[in-house]
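Per-entry structural report
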Number of protein chains: 8
Amino acid sequence: MQLEVVLKALRDGRLSLEDAVSALKRPAFEDLGFAKLDFQREQRKGFGEVVYCPGKTCEQLLAIFEAFRGDGRPALGTRCSPEQYAFLQANGLGASYDPVSRLVALRSEPPPAPRGLVAVCTGGTADMPVAEEAAQTSEFFGAIVQRHYDVGVAGIHRLLARIEAIRQANAVIAVAGMEGALGSVLAGLVDVPVVAVPTSVGYGASFEGLAPLLTMLNSCAEGMAVVNIDNGFGAGYLAAQINRLAGRRQ
Amino acid sequence: MQLEVVLKALRDGRLSLEDAVSALKRPAFEDLGFAKLDFQREQRKGFGEVVYCPGKTCEQLLAIFEAFRGDGRPALGTRCSPEQYAFLQANGLGASYDPVSRLVALRSEPPPAPRGLVAVCTGGTADMPVAEEAAQTSEFFGAIVQRHYDVGVAGIHRLLARIEAIRQANAVIAVAGMEGALGSVLAGLVDVPVVAVPTSVGYGASFEGLAPLLTMLNSCAEGMAVVNIDNGFGAGYLAAQINRLAGRRQ
Amino acid sequence: MQLEVVLKALRDGRLSLEDAVSALKRPAFEDLGFAKLDFQREQRKGFGEVVYCPGKTCEQLLAIFEAFRGDGRPALGTRCSPEQYAFLQANGLGASYDPVSRLVALRSEPPPAPRGLVAVCTGGTADMPVAEEAAQTSEFFGAIVQRHYDVGVAGIHRLLARIEAIRQANAVIAVAGMEGALGSVLAGLVDVPVVAVPTSVGYGASFEGLAPLLTMLNSCAEGMAVVNIDNGFGAGYLAAQINRLAGRRQ
Amino acid sequence: MQLEVVLKALRDGRLSLEDAVSALKRPAFEDLGFAKLDFQREQRKGFGEVVYCPGKTCEQLLAIFEAFRGDGRPALGTRCSPEQYAFLQANGLGASYDPVSRLVALRSEPPPAPRGLVAVCTGGTADMPVAEEAAQTSEFFGAIVQRHYDVGVAGIHRLLARIEAIRQANAVIAVAGMEGALGSVLAGLVDVPVVAVPTSVGYGASFEGLAPLLTMLNSCAEGMAVVNIDNGFGAGYLAAQINRLAGRRQ
Amino acid sequence: MQLEVVLKALRDGRLSLEDAVSALKRPAFEDLGFAKLDFQREQRKGFGEVVYCPGKTCEQLLAIFEAFRGDGRPALGTRCSPEQYAFLQANGLGASYDPVSRLVALRSEPPPAPRGLVAVCTGGTADMPVAEEAAQTSEFFGAIVQRHYDVGVAGIHRLLARIEAIRQANAVIAVAGMEGALGSVLAGLVDVPVVAVPTSVGYGASFEGLAPLLTMLNSCAEGMAVVNIDNGFGAGYLAAQINRLAGRRQ
Amino acid sequence: MQLEVVLKALRDGRLSLEDAVSALKRPAFEDLGFAKLDFQREQRKGFGEVVYCPGKTCEQLLAIFEAFRGDGRPALGTRCSPEQYAFLQANGLGASYDPVSRLVALRSEPPPAPRGLVAVCTGGTADMPVAEEAAQTSEFFGAIVQRHYDVGVAGIHRLLARIEAIRQANAVIAVAGMEGALGSVLAGLVDVPVVAVPTSVGYGASFEGLAPLLTMLNSCAEGMAVVNIDNGFGAGYLAAQINRLAGRRQ
Amino acid sequence: MQLEVVLKALRDGRLSLEDAVSALKRPAFEDLGFAKLDFQREQRKGFGEVVYCPGKTCEQLLAIFEAFRGDGRPALGTRCSPEQYAFLQANGLGASYDPVSRLVALRSEPPPAPRGLVAVCTGGTADMPVAEEAAQTSEFFGAIVQRHYDVGVAGIHRLLARIEAIRQANAVIAVAGMEGALGSVLAGLVDVPVVAVPTSVGYGASFEGLAPLLTMLNSCAEGMAVVNIDNGFGAGYLAAQINRLAGRRQ
Amino acid sequence: MQLEVVLKALRDGRLSLEDAVSALKRPAFEDLGFAKLDFQREQRKGFGEVVYCPGKTCEQLLAIFEAFRGDGRPALGTRCSPEQYAFLQANGLGASYDPVSRLVALRSEPPPAPRGLVAVCTGGTADMPVAEEAAQTSEFFGAIVQRHYDVGVAGIHRLLARIEAIRQANAVIAVAGMEGALGSVLAGLVDVPVVAVPTSVGYGASFEGLAPLLTMLNSCAEGMAVVNIDNGFGAGYLAAQINRLAGRRQ
């Protein structure tokens, strides 16, 4: 453990008092004033840094990404508007951007080969932006992703036709708006965790995604948990964690 | 039409002025003070009288049912407590009672033979009291009823094994709590109206049945409508109406 | 039944193993990647395909409709924006469009003569777009529709003046915002199913249609069920189903 | 005005400084510590004191009522439990009590003859406790009250048969649970204020009276306002005020 | 009564059968198809016609107002947008318009002299549009109106300074957003009905006016009732009714 | 794959037509009428059967558990009341019961040795019943479980003192009521999935667990998903799945 | 700072390596397994320990309080049921208990003399239990408390008569249910912080205290903040903190 | 006291009757018609006037600020739009404006030197506009403010690194959206009041800030109270009051 190492070095005279104090107090983040960049997250969480873009000015975003780039570490930005991305590019950031998922990805070197499998399913075509955010997040964090879109429960045979392929995955992401029943049906058919993402697709008594959120929370199928409405990123991250875990001890 | 008949009789001297006035103003109900009994409902709605029992005193209930019995017409009481029923029986009403559905049924003569078919499905075993209220209501109003209980979406094969039988019905009632997805899956598989009944079975974010209610309202399957939480009676009545309609023009 | 036919043919050598496997696994839909088109719905549900347009790109919509046109089958698109429709037409789809109901209808051959009757009633003039979506949906699926607009309960004589005509229908659709009491009054006066559609017409404590939705769910009149807020399509489809059922056994 | 009278008397030597200070600072209430009794309310509001009984101990209630009795003024207690009333009586208060409305009424002398007319209508029989609270409150504050119970909108003819009598009132109270549409229909038929009282009668999506509350707030009929769920007292008080106002300038 | 008069004339030969039928069935409204104009409302309700403008097309509004103008009767339009009014004027309707209250008023002859008094109070300056809708509605229906704006409870002395003037009114309208406590304080200080109007002024946990709505419904002051959020019209109408009632028997 | 195996056997004469039909149609569940027991779940989901006890009669529960026992397979009953368990035992079921977690566990043979690690943390002592349901569920399905109770965020040092131990787990369960912030802090400190369980511990604006539910859904920490309020079982099941997955490929 | 002191002692040989490690890792709490007692809270927060009693078994509570008693430090238990307190006393804990506020207080030596002033006001008599919890909490943590009960806004003169006394306090606690307007009026009249406590006193649209909670959050008076519904303890603690702060620098 | 002074002067002939009446009735505010300016607030509340800008016309705002300027007193305007400020400046008001916090500040003379310390912390960068409103409000009312931004609980070490500095403040403001857990963690670590501000930063089940609002209300940490969503002003004002109080008795 780090603490004992430092204390031994101090006792043995290999470290000055000042350096010992400093080592035990070294900040685990860089302070930009408006933001505290978390440079130990990769160590602590096992994955790189993630930036939530809404509510940040273009200048703030640029400074954050440049700090990561300067450190040579990958970073993923979520819900990045086209305007924000245009500013980043105009200032030479050199990141990639997908307008459907609104993800901006920064890498200084090629990622390792993906492995393991995550399945991303949607109830309808309109759920695609959220599903892509999930799928590309899982890919950014090292998973192979298979997409199964428009397999909602109102035409259950579409899902049943795909179920064998879905069963190969280490984690399944179920993205659905309206009644949001896809997760329950999936969780009843597979033996791996299902991460359910309610979407705001719908109208009226959907109440901006409240309906599928409640549906998913009340599922009577086992092996499912839920993330926030439209939170494709959160589902993709969690699925990538589970996928990595499945492979870690191989 | 009634109006012209009366006016012609008046003009032709076959009816006195007083009788004409009276005929055009005759009350369509009996007034017990605390209740106005609707003696034209059978003509107007095609089905007999229904009494919502909660909030009525035992004495009020007895007076209401006795008025119907005196008129020789059938009546159905909903959500009747065992205490209310015991009082009715102790006072010689002569009605039947089912403690699961809490329905009390009064008939002075045997009902006509049932016909047509209504299918009542539930997601789980705990939905049975609501389902029985639906089923027995449909039966009271002339339908043959087939029950398919515990066929919820978390084990979709249980429903698929029954689907051919369910497809024979003129109307399908889907009773489900928790995530309430049964209705959507059913409506995607049959070509007749599905009446969905959310139940308060569940806990936590079910919010006393709000979750399945919203699920059912947001269904992306066509051909479904929803009644109030735990309103098995309403679903059974509507299904019986549809069933009668299917048979009316035979 | 299909299964035995295939198995017998296999046993008798009239079918190869590969063909038997294929026959038992044949997809019931065409896979466009972003959408799975349900080519058996007409058989399974009795009505043609329906497309929910919001959230789909113009290119996706066009591909979906062209697949149906190529198959010679009718299709109805709901909540189609003028921009989406303009794109479809600019690409030669040849479908009709109603800007009030926002329905786009595709037919390769003239529909059969309508029959049966559905009555569509509204509480106010502002409910017309939802009512037209209901009415035109019922018409698309074969019903004759009679419109009774602006007959809300605040001037109950307007409704009473129309009630005889409304009673001729096989199903009644009640479209109302604000307090949404139209459905209850109607259900108390007719002997056929009433499909109630709450609308988001109103302000303040209407909470975007929550108020009439709750009103309709809590109706103490029998023979009514409810669809989602502003879901004219759902009501029109269900009423057409009931109307067809009433006529099916003639 | 009081202020000038006191100042003149002081200036003219008819009043000492201490008495002037005291007169301008005299408390308008008696302080029991746990309660401040409002002895000017009858002057300020025109009606006597009202006591909300829930949450008060029996001893507190007794002290409050005895203070009023000692002062010879009438007082009305609302939502008084049978246990609370029994304690009051056991201690010799000498007030009357109605177990349906849960009102306890204290009078030291006979009230003046009632005048004017308030009509109290209910949707159903189960609304009677709230309606009686309204009716007896109006009576306590001087109105003649006519009751029209069980005239809900699901059987609209029951209401229409009574409408001429209802139109004679100076104010109409509409008490209804479930869908709560009675107020709208009444307000469309009379030319005096309608005070609507939603009740918690119902179940499921009634959400303890939220449904009729929203219905009544969203009424498209003019001339109606709403009080809290089950607040029969509030409606009865307001109706009595309007009734008094109608008669005040005779 | 009308019914007997017609019947007698028929019996006595002074009226043909057809005319008798027609007289008893004469429509009480003009049917424009999209709207049923209520030509008996002035008789039935005592006030002229009111038109809710949102959701109606300009052409529909013009037709409605022209029908009233043709009949020589006054009409008031609520929540009329500047665009709608511009269209009406461009087509020569000849109505007046106030952009703050968004009321459009049509009169063919000068109104009778106003009488009685209504007081309109607001918590803050931002509540003025709703308050003006209330005030001008009361004026349209015959009341003299006194405005007391920006007298909210956070500076209670501002209200106390005005209270004597407010006490002269036959009805008091309390318009307030945010915490909405103005109504309670007013109702505790006056002896006439207080009509409370919650407004959507505020942010965050105001939830678009839900907060003051609940405040007002839960008032522990007697003699107050509530209308919908931002419903200045409803309050003005009700206050005018009460004001008229106070004067009717003079 | 099963299908081809059957078809080959039929083609090759090793299987009769009847047996082939039967094999392809064999029911995957036993039908008790009120319940359909899912005998393939262990194969399909990898874990044994789970029974939700509320709403089932004692007789129904006994029949369900006896069917599983007769089949020699393990079963877990959730939310079993002491009364239900007493009935089961009185009828000789031979299952174990924990009154804190309300789990009833049925096993005919000793379970395999547990492996892998799940950490269960709570914000407070009052969350223990839910936490025990989670912990014992994970144990039933094969995991070793470490408990860290009363480490809520209001005394953050208590959690930090435990964090190294928690980091050894394959999955972390965070059980918290009131503000429910435990999950966010944990997810920021570990690199494995956090399954968050909001509890109904609290009062007032907790709204029966809604507050911690929303907190957890809105977490800005990555790698967390949420189950229903008080759903310790669901979290324990999911954590056991993740734990198994982590070990599957060892 | 502690860290440097330990490191210097280690460098200078006055502390062994093991002791240095131990000193830097010493637990700040005692671990009872089901609870982690926070023995540094008095240092960190300046006040003693607080125990939330609901959901804890009698045995757990006793162990927690005995640990504090053994350490000679004061402790306050909130929402303690009479049954819990009886158990504590039966086991010789020697703490005091107030059944109105449900507070149990443990002290091994007399508290220091109180100083500074906190004013506790209520809207009505029924708010007393919550107010007493606030008042006695402030007293436990060293404040002098003055009570002003039943001074709600419906009789504003009762509050105005007390305002000079209230203005002497360092902090004001406003406890109110129903419409909860007391806080706003108070905050407009004093120049010190007002801590507002909504209570669940009320019915119907109070929604268990939601109404006064929203009222208080939306106050347009400055200098007020809000705690949870019925959270008298939280308000009393905060007011005691402010009171101490006002006195700290004397 | 003022009252006795006036009365003595009157008695002693040093004051005329008219002047005595006038002195006891002098208005405490200036009446602009649409607004009542509160010229005694500085005396009563200890701080200058505050103007809520939304919903006021530019002309109204200008008149209000000019009245304060004419009186030589400072004033702070909140939520002032850039358009409103531009109008004020174009008309020569001479106030300062910060576009992030949207505060407009008017001062005729330099403020006294700030003293005491308030700490403003945020969970994320996107909370900055609300945090700046809080910080600048505290500064306007005399406090020194230290900002600690982006120290949310998902990276708890960022907060721990700052905690010693934060502990120096007299009051701490915790600004956080999403899960809003910052307040609880802070309140567990400091011994002064924490004022929590939920923000609308987030999406989905944040429900416009409802989620962090509930989190903060349900905190199990002592010494915290909550203001409205996004109400940075309210928190800054309250913190300034506490800060002043801490310094008042120095």
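These numbers were taken from a predicted model, which means no experiment stands behind them.

Section: the packing of helix H10 (residues 210–217) of chain A against helix H10 (residues 210–217) of chain B
- Interhelical geometry of H10 of chain A versus H10 of chain B gives an angle of 125 degrees and a closest axis separation of 8 Å. Judged by the inter-axis angle, H10 of chain A sits oblique to H10 of chain B. In the crossing of H10 of chain A with H10 of chain B, the sense of the turn from one axis to the other is left-handed. When H10 of chain A is examined against H10 of chain B, the residues Leu210, Ala211, Leu214 and Thr215 of chain A are found in contact with a partner set consisting of Leu210, Ala211, Leu214 and Thr215 of chain B.
- Of the residues belonging to the contact of H10 of chain A with H10 of chain B, the class tally is 6 nonpolar, 2 polar and no charged.

Looking at the relation of the copies chain B and chain D
- When chain B is fitted to chain D, the residual RMSD is 0.1 Å, and the transformation amounts to a turn of 90 degrees plus an axial shift of 0.1 Å. On this basis, the relationship between the two copies can be described by a four-fold rotation axis. Every residue of chain B has its C-alpha some distance from the rotation axis, and the shortest such distance is that of Phe207 of chain B, at 7.1 Å.

What about the pairing of strand E10 (residues 194–198) of chain E?
All names here are of chain E.
- The buried fraction of E10 amounts to 5 of the 5 residues, a majority that puts the element mostly inside the structure.
- Here strand E9 (residues 171–176) runs beside E10; their pairing, made up of 5 bridges, is parallel. Paired with Ala176 across the bridge in E10 is Pro198.
- For the handedness criterion, the β-α-β arrangement of E9, helix H9 (residues 182–187) and E10 is classed as right-handed.
- In the sheet, E10 pairs with strand E11 (residues 224–226) via 3 bridges, with the strands oriented parallel. Note on E11: the bridge partner recorded for Ala196 is Val226.
- Viewed along the sheet, the connection from E10 through helix H10 (residues 210–217) into E11 turns out right-handed.

So, the domain arrangement of chain A
Residues and elements named next belong to chain A.
- By domain assignment, chain A separates into domain 1 (3–106) and domain 2 (115–248).
- Contacts between the two partners involve 16 residues from domain 1 and, on the opposite side, 16 residues from domain 2.
- Where domain 1 abuts domain 2, roughly 1,300 Å² becomes buried across the two surfaces, and 67% of that area is made up of carbon and sulfur atoms.
- The largest share of the area that domain 1 buries against domain 2 comes from Phe47, Leu76 and Val100, three residues that together contribute 41% of it.
- Across the contact surface, domain 1 and domain 2 share 0 salt bridges.
- Where domain 1 touches domain 2, the interface holds 3 residue pairs in polar contact (both at pLDDT 80 or more).
- Broken down by secondary-structure element, the contributors of at least two residues to the side of domain 1 that touches domain 2 are strand E4 (75–78) and strand E6 (103–106).
- Broken down by class, the residue content of the side of domain 1 that touches domain 2 amounts to 9 nonpolar, 4 polar and 3 charged.

Here's the deal with the relation of the copies chain A and chain F
- Screw-axis analysis of chain A against chain F gives a translation of 0.0 Å along the axis, an RMSD of 0.2 Å, and a rotation angle of 180 degrees. A rotation of that kind, with that shift, is consistent with a two-fold axis.
- Both copies contact each other with a shared surface, as 100% of the interface residues of chain A are interface residues in chain F too.

Points about the sheet that holds strand E3 (residues 49–52) of chain F
Residues and elements named next belong to chain F.
- Read across the sheet, 4 strands follow the order E3-E4-E6-E5 without closing on themselves; strand pairing throughout is mixed. Because the sheet does not close on itself, it has two edges, and the strands there are E3 and strand E5 (96–98). The sheet shows a mean angle of 20 degrees between the axes of neighbouring strands, taken without regard to direction.
- For E3 and strand E4 (residues 75–78), the ladder comprises 4 bridges, and the chain directions are parallel. Of the residues in E4, the one forming a bridge with Tyr52 is Thr78.
- Relative to E3, helix H4 (residues 58–70) is tilted by about 175 degrees, and along the sheet it contacts E3, E4 and strand E6 (103–106).

Concerning H10 of chain E
- With 7 of its 8 residues buried, H10 of chain E lies for the most part within the structure.
- For H10 of chain E, every residue scored as buried is listed here: Ala211, Pro212, Leu213, Leu214, Thr215, Met216 and Leu217 of chain E.
- Structurally, H10 of chain E contributes buried residues whose contacts are with helix H10 (210–217) and strand E11 (224–226) of chain D, E9, E10 and E11 of chain E together with helix H10 (210–217) of chain G.

What to know about the state of the cysteines
- Within the structure shown, the criterion is met by 0 disulfides over all chains.
- Cysteine Cys53 of chain A shares no disulfide, and the gap to the nearest cysteine sulfur, in Cys80 of chain A, comes to 4.3 Å.
- A relative accessible area of 0% places Cys53 of chain A in the buried class.
- For Cys220 of chain E, which is in no disulfide, the shortest distance to another cysteine sulfur is to Cys53 of chain D and amounts to 15 Å.
- Overall, the relative accessible area of 34% leaves Cys220 of chain E in the partly exposed class.

Concerning the sheet that holds strand E4 (residues 75–78) of chain C
Residues and elements named next belong to chain C.
- Pairing in this open sheet of 4 strands is mixed, and the strands run E3-E4-E6-E5 from one edge to the other. Two strands bound the open sheet, and with one partner strand each, they are strand E3 (49–52) and strand E5 (96–98). Strand-to-strand twist in this sheet, taken as the mean axis angle between neighbours without regard to direction, amounts to 20 degrees.

Describing the pattern of salt bridges
All names here are of chain H.
- Scanning the entire structure with this criterion turns up 56 salt bridges over all chains.
- Where Glu139 meets Arg147, a salt bridge forms, and the shortest distance between an N and an O atom there is 3.2 Å.
- Since its relative accessible area comes to 33%, Glu139 is described here as partly exposed.

Quick notes on the packing of helix H4 (residues 58–70) of chain G against helix H5 (residues 82–90) of chain G
Residue and element names in this part refer to chain G.
- Two elements in contact, H4 and H5, have axes whose closest approach is 9 Å; the angle formed by their N-to-C orientations is 55 degrees. In terms of axis orientation, H4 runs oblique to H5. Viewed along their axes, H4 and H5 form a crossing whose handedness is right-handed. For the pair formed by H4 and H5, the contact residues are Cys58, Glu59, Leu61, Leu62 and Phe65 on the first element and Glu83, Gln84, Phe87 and Leu88 on the second.
- Split into classes, the residues belonging to the contact of H4 with H5 amount to 6 nonpolar, 1 polar and 2 charged.

What counts and what doesn't
- Residue positions are given per chain, counting from 1 as you read along its sequence in written order.
- Labels follow written order: the first chain is A, the first ligand is 1, and so on.
- Local features in this predicted model are restricted to residues of pLDDT 70 or higher, and side-chain atom pairs are both shown and tallied only at a pLDDT of 80 or more, whereas totals for entire chains, interfaces and linings draw on every residue.
- As a rule here, side-chain values come from all non-hydrogen atoms in the structure, and water together with hydrogens is ignored.
- Axes here refer to lines fitted to C-alpha atoms; in helices the fit is confined to the stretch in contact. Angles between the N-to-C directions go from 0 to 180 degrees.
- In DSSP terms, a helix is any run of H or I states spanning at least four residues, a strand is any run of E spanning at least two, and both are numbered starting from the N terminus.
- Roughly parallel means an angle under 35 degrees; roughly antiparallel, over 145; roughly perpendicular, 65 to 115; everything else is oblique.
- Helix crossings get a hand from a simple test, with the near helix turned counterclockwise from the far one by less than a right angle marking a left-handed crossing and a clockwise turn marking a right-handed one.
- Contacts were defined at the residue level, with two residues in contact if any of their heavy atoms lie within 4.5 Å.
- Each residue receives one of three labels: charged for Asp, Glu, Lys and Arg, nonpolar for Ala, Val, Leu, Ile, Met, Phe, Trp, Tyr, Cys and Pro, and polar for the others, Gly being one of them.
- When the copies are superposed, the least-squares fit draws on C-alpha atoms of residues that have pLDDT of at least 70 in both.
- For the exposure calls, accessible area comes from a 1.4 Å probe over protein chains only, and a residue counts as buried if that area is under 20% of its type's maximum, exposed if over 50%, partly exposed in between.
- The pairing criterion is simple: DSSP has to find at least two bridges between the two strands.
- Whether a crossover is right-handed depends on one test, that the path from the first strand over the helix to the second runs clockwise when the strands point away from the viewer.
- Either an automatic procedure or a domain database provided the assignment from which the domain bounds are taken.
- Note on terms: buried area is the combined drop in 1.4 Å-probe accessible area of two parts once they are placed together, counting the loss on both.
- Every case where a carboxyl oxygen of Asp or Glu lies within 4 Å of a side-chain nitrogen of Lys or Arg is listed as a salt bridge.
- In protein, a polar contact means a hydrogen-donor-capable atom and an acceptor-capable atom, both N or O and within 3.5 Å, with residues adjacent in sequence counting only if both atoms are side-chain atoms; elsewhere, any N or O pair within 3.5 Å suffices.
- For this text, the term disulfide refers to a pair of cysteine sulfurs within 2.5 Å.

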